[in-house]
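So the chains spell out like this:
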Amino acid sequence: MNAVKGFFIDEWYFATPLVIMSLIAGSLVIWRFLLNLTAKTDMDEFLPVFQQTLRKNGIKGAVALCKDEKGLIPSRLFIAGLEASEQGASAMRRSIGMEAELEVLPRLHFLLAPILAIAKIATMVGLLFTVISMINTFNAIGEETTKGNVKGVAGHSSKIGLALFATAMGLFTAIPLVFSHVLFKEWISRFEVKIKVASHKLITLVTNYKKDPKLLDEPMDLDEEEGQDDKKPKGKSARRG
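Keep in mind that this is a model prediction, so the values were computed, not measured. (Residues numbered from 1 in each chain as written. Predicted model: local features only at pLDDT ≥ 70, side-chain atom pairs only at ≥ 80, totals over all residues. Heavy atoms only, no water.)

A. Quick peek at the packing of helix H3 (residues 43-68) against helix H4 (residues 72-83). Put simply, H3 and H4 touch, their axes get as near as 12 Å, and they point 45° apart. One way to sum up the angle between H3 and H4 is to call them oblique. Pair H3 / H4 crosses with right-handed handedness. Across from Met 43, Phe 46, Leu 47, Phe 50, Ile 59, Ala 62, Val 63, Cys 66 and Lys 67 in H3, the residues of H4 making contact are Ile 73, Pro 74, Ser 75, Phe 78, Ile 79 and Leu 82. Of the residues belonging to the contact of H3 with H4, the class tally is 13 nonpolar, 1 polar and 1 charged. (Axes fitted to C-alpha atoms, helices over the stretch in contact; angles between N-to-C directions. Helix = DSSP H or I, 4+ residues; strand = E, 2+ residues; numbered from the N terminus. Parallel < 35°, antiparallel > 145°, perpendicular 65-115°, else oblique. Left-handed = near helix turned anticlockwise from the far one by under 90°. Contact = heavy atoms within 4.5 Å. Nonpolar A, V, L, I, M, F, W, Y, C, P; charged D, E, K, R; others polar.)

B. Representation of the nonpolar core in the model. Counting 49 residues, the largest nonpolar core has Phe 50, Ile 73, Phe 78, Leu 82, Leu 108, Phe 191 and Leu 202 as the members making the most contacts within it. Elements with a contribution of two residues or more to this core: helix H2 (12-39), H3, H4, helix H5 (89-108), helix H6 (112-147) and helix H8 (159-211). Considering every element that reaches this core, the biggest residue donor is H8, with 13 residues. Not counting residues up to four positions away in its chain, the partners in contact with Leu 108 are Arg 32, Ala 39, Leu 72, Trp 187, Ile 188 and Phe 191. (Core = buried A, V, L, I, M, F, W, Y, C linked by side-chain atoms within 4.5 Å. Buried < 20%, exposed > 50% of the residue type's maximum accessible area, 1.4 Å probe, protein only.)

C. Region of the structure containing the packing of aromatic side chains. A complete count under the given rule lists 5 aromatic pairs for this structure. Their ring planes at 65° and their centres at 5.2 Å tell us that Phe 50 and Phe 78 sit as a pair that is edge-to-face. Here the residue Phe 50 occupies a position in helix H3, and Phe 78 occupies one in helix H4, the gap between them amounting to 28 residues. A residue is classified by how much of its surface remains accessible, and Phe 50, at 0% relative accessible area, is buried. For Phe 78, a relative accessible area of 1% translates into the label buried. (Phe/Tyr/Trp six-rings, centres within 6.5 Å; stacked < 30°, edge-to-face > 60°.)

D. Fine view of H4. Between the first and last C-alpha of H4 there are 16 Å, a value that for 12 residues agrees with the 16 Å anticipated at 1.5 Å per step. By the criterion of burial, H4 is predominantly enclosed, with 10 of the 12 residues buried. Buried residues of H4: Leu 72, Ile 73, Pro 74, Ser 75, Leu 77, Phe 78, Ile 79, Ala 80, Gly 81 and Leu 82, and no others. (Expected span 1.5 Å × (residues − 1).)

E. Here's a closer look at the environment of Ser 180. With respect to the helices and strands, the residue Ser 180 is situated in helix H8. Once the C-alpha coordinates of Ser 180 and Arg 32 are considered, the two residues, 148 residues apart in sequence, prove to be 9.8 Å apart.

F. Representation of the side chain of His 181 within the structure. Tracing the backbone through its elements, the reader meets His 181 in helix H8. Residue classification places His 181 among the buried residues on the basis of a relative accessible area of 14%. Once residues within four sequence positions are removed from consideration, His 181 is found in contact with Leu 112 and Leu 116.

G. Representation of the environment of Leu 216 within the structure. The residue Leu 216 is located in the loop between H8 and helix H9 (222-240) in this model. With 163 residues separating them in the primary sequence, Leu 216 and Thr 53 have C-alpha atoms 9.8 Å apart. Setting aside chain neighbours within four positions, we find Leu 216 in contact with Gln 51, Gln 52, Leu 54, Arg 55, Leu 205, Asn 208 and Tyr 209.

Structure (structure tokens):
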């Protein structure tokens, strides 16, 4: 404990930047975590409500419902797809893809770059402070040795361990940041899968609505929807034959 107090008090000019970096890094991680909470939507609860709203109020009503949601999938992707729905399913896919690439994914990666940057810099800064402190300590030991002051040499030798606290502080900052960065990247990967699934369901619902709004009265299984889509081109080719 005395060594720790000595580092933060006697070596405050080394400890202060590292503490500030740790506080900034912790704030960024908390900020990113809160953004992730507001970005997601429980699609299992939202889709049935969306389906009935589309059935009763049409495209405009569905757009209004999505605007009231805070999650990125309804508020960004669904609105982009619905606004392009009059041009067909292909236009909806293009609109959703552009929205995901230009708006949603950059928002999900927000703050990840500075978090990783601080994680890499903190270790190097801690090592740099350790090297500087060691240089000063060995210079002081050399001067005391030249003077023949044994007690002075012993006193400065104790500061060698103190210098290593800078490296430890850098690692203490970097390790949680690297771990958090990996978790955030994994969360983004899972969110991209949700985007693809939700986009497919949206296009299916809008396509069925255009054919006959009554098709939205009963929820359809996703596998059944894909099976019907596969059968459509075959039916057309059969008629042409």
